[in-house]
Amino acid sequence: MPITLLLFFVLANSFERKLMGRLYHAGMRILSRLLDLLFPPRPTARLARDAASASVAPLVSPEARSIAGHEGAALLPYHHPLVQALVIEAKYHGNRHAQSLLGTALGDYLAEFLRDMHAFSERRIVLVPIPLGAARLRERGYNQTECICRAAIGNGIEMNTGILVRTRETVPQTTLSKSERLKNMTGAFAIRGSIDPSATYIVFDDVVTTGTTLASAISALTQAGASRVSALSLAH
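Bear in mind the structure is a predicted one, so any value in this text is a computation, not a measurement.

Q: Any chance you could break down the sheet that holds strand β4 (residues 157-159) for me, citing the residues and the numbers?
A: Strand pairing in a sheet is mediated by backbone hydrogen bonds. Such pairs are either parallel or antiparallel. The six strands are arranged β1-β2-β8-β7-β3-β4 in an open sheet whose pairing can be described as mixed. Each end of this open sheet is capped by a strand with a single partner; those strands are β1 (63-64) and β4. Pairing analysis gives four bridges linking strand β2 (residues 72-76) to strand β8 (residues 228-235), with the strands arranged parallel. By the bridge assignment, Gly 72 is partnered in β8 with Ala 231. Set on the sheet, helix α9 (residues 212-223) makes contact with β7 (200-207) and β8; between it and β7 the angle comes to about 160°.

See the structure below:
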């Protein structure tokens with residue numbers, strides 16, 4: 001077979017594959033729009049579905065927050081429609097895409113934190129997601145903070161989901177005043193297992209308002225012997 005004919009068939013085959021790929025993706029987009037008309041998705045689900053890491057990354061603007069006298073930071077503005085949609089979808093609907101996007105933003109921040117940390121110390125870094133009460137965990141079937149953390153860990157940062165436990169069920173914080181939140185969370189956490197006093201523990205929650213949940217978790221860790229604890233939340 002002449003080389004020119006062979007080249008023609010190779011190029012034609014490549015063009016056909018690219019064309020079929022484009023037609024497939026175009027068809028899926030049309031099908032998705034038709035399904036949206038027949039079965040309208042939640043507004044937050046639509047925002048989350050159409051989002052990508054590239055649309056979340058520019059929104060990351062860490063804000064320093066002191067929680068119970070410990071260093072803390074919040075990464076994303078909750079008032080932004082996309083951030084709010086991702087948090088709602090990750091928290092209340094178990095949306096894995098939303099959890100993955102938030103986990104990627106968290107992971108990028110932690111990677112930078114780790115580089116800065118290791119410039120001065122080789123401390124072990126342990127990410128501790130805020131646990132749910134047993135009843136709420138059974139109701140939801142997942143802990144959104146843990147799911148987000150799983151999408152973020154790596155590169156020298158570990159996660160411990162068993163060391164911090166709820167001692168009792170608490171009322172959702174969003175329904176309470178500042179003083180009621182403090183009373184609601186006092187003594188809400190306990191430590192299970194042993195603390196490594198040489199490690200840095202990062203307590204993680206999805207949204208911070210008054211900081212009482214994080215403060216209660218930090219108190220449990222420090223009383224158990226943790227010497228370095230900081231707080232981190234996705235949104236504020």
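Q: Account for helix α8 (residues 178-185), with residues named and values stated.
A: Where α8 is concerned, the buried positions are Arg 181, Asn 184 and Met 185. For α8, the angular spread of the buried residues around the axis is 85°, confining them to a single face. Opposite its buried face, α8 presents the exposed residues Ser 179, Leu 182 and Lys 183, each directed more than 90 degrees away. The secondary structure elements touched by the buried residues of α8 are β5 (164-166), β6 (189-191) and α9. Of the residues trailing α8, Gly 187 is marked for its positive phi of about 70°.

Q: So what's going on with the pattern of salt bridges? Which residues, and what values?
A: Counted by the stated rule, this structure contains eight salt bridges. A salt bridge links Glu 158 to Arg 124; the nearest nitrogen and oxygen atoms lie 2.8 Å apart. Here Glu 158, found in strand β4, pairs with Arg 124, found in the loop between α5 (96-118) and β3 (125-129); they are 34 residues apart in sequence, far enough to count as distant. On the basis of relative accessible area, Glu 158 is assigned to the partly exposed category, the value being 31%. In this structure Arg 124 comes out as partly exposed when scored by relative accessible area, which is 34%. Within this structure, Arg 124, Glu 158 and Asp 196 form a network of salt bridges that share partners.

Q: Please provide a residue-by-residue account of the side chain of Asn 143, values included.
A: Among the structural elements, Asn 143 can be located in the loop between α6 (134-140) and α7 (144-150). By relative accessible area, Asn 143 is classed as buried at 9%. The residues contacting Asn 143, other than those within four sequence positions of it, are Ile 130, Pro 131, Leu 132 and Leu 137.

Q: If you had to explain the state of the cysteines to someone new, which residues and values would you point to?
A: A covalent bond bridging the sulfur atoms of two cysteines is what the word disulfide describes. Per the counting criterion, the structure on display carries zero disulfides. Free cysteine Cys 147: the closest other cysteine sulfur is in Cys 149, separated by 9.4 Å. Taking relative accessible area as the criterion, Cys 149 reaches 0% and is therefore assigned buried.

Rules used throughout
- Residues numbered from 1 in each chain as written.
- Predicted model: local features only at pLDDT ≥ 70, side-chain atom pairs only at ≥ 80, totals over all residues.
- Heavy atoms only, no water.
- Pairing = 2+ DSSP bridges.
- Helix = DSSP H or I, 4+ residues; strand = E, 2+ residues; numbered from the N terminus.
- Contact = heavy atoms within 4.5 Å.
- Axes fitted to C-alpha atoms, helices over the stretch in contact; angles between N-to-C directions.
- Buried < 20%, exposed > 50% of the residue type's maximum accessible area, 1.4 Å probe, protein only.
- Arc of directions from axis to C-beta.
- Salt bridge = Lys/Arg side-chain N within 4 Å of Asp/Glu carboxyl O.
- Disulfide = S-S within 2.5 Å.

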